[in-house]
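Chain by chain, the residues:
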Amino acid sequence: MTYVENGAEFTSDYGDIGEGFYSSIESALDELAALLYGDAREMYPTFSERLARVERLSGDIGWGFGDYIGDVVWQLDEELGDQ
């Protein structure tokens, strides 16, 4: 989660970076999502605010990054948000 947060903050502060950078952040978010959908389901409430912040930070970022983050966060909230 910290890696995803730092990546979103960095690109929000310094502008567009590049596809490899965004792919790395997306992969880390995918790993977190897999954990939250699986054995760590009960941890979702702990991460939901942080995920929402990452979504806000990345909303206007290019390379499809903001859209990807928004989709993953939305899906997590849709499935795990009412725990």
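Note that the structure is a prediction, hence the values are computed from the model and not measured. Residue numbers restart at each chain and count upward from 1, following the sequence in its written direction. Totals for whole chains, interfaces and linings use all residues, but because this is a predicted model, local features are given only for residues with pLDDT of at least 70 and pairs of side-chain atoms are given and counted only at 80 or more. Based on all heavy atoms of the structure, the side-chain values leave hydrogens and waters out of the count.

## Re the environment of G7
Here is step 1: Note on placement: G7 falls in helix 1 (residues 2-14).
Here is step 2: Separated by 17 residues in sequence, G7 and S24 place their C-alpha atoms 9.1 Å apart.
Here is step 3: Those residues within four positions of G7 in sequence are excluded, and the remaining contacts are F21 and I25. Here a helix means four or more residues in a row that DSSP labels H or I, a strand means two or more in a row labelled E, and each is numbered from the N terminus. By the convention used here, residues are in contact when the closest approach between their heavy atoms is within 4.5 Å.

## Observations concerning the packing of helix 1 against helix 3 (residues 44-58)
Here is step 1: Axis separation between helix 1 and helix 3 bottoms out at 9 Å; the angle between their running directions is 25 degrees. Here helix 3 runs roughly parallel to helix 1, going by the angle between their axes. Judged by the twist between their axes, the crossing of helix 1 over helix 3 is left-handed. Each of T2, V4, E5, A8, E9 and S12 in helix 1 lies in contact with helix 3, whose residues at this interface are R50, R53, V54 and L57. Structural elements are reduced to axes, namely lines fitted to C-alpha atoms, with helices fitted over the stretch in contact, and the angle between N-to-C directions of any two is expressed from 0 to 180 degrees. Small angles under 35 degrees read as roughly parallel and large ones over 145 as roughly antiparallel, with 65 to 115 read as roughly perpendicular and the rest as oblique. We call a crossing left-handed when the near helix sits turned anticlockwise from the far one by less than a right angle, and right-handed when that turn is clockwise.

Function cannot be read off these values alone, since they describe shape.
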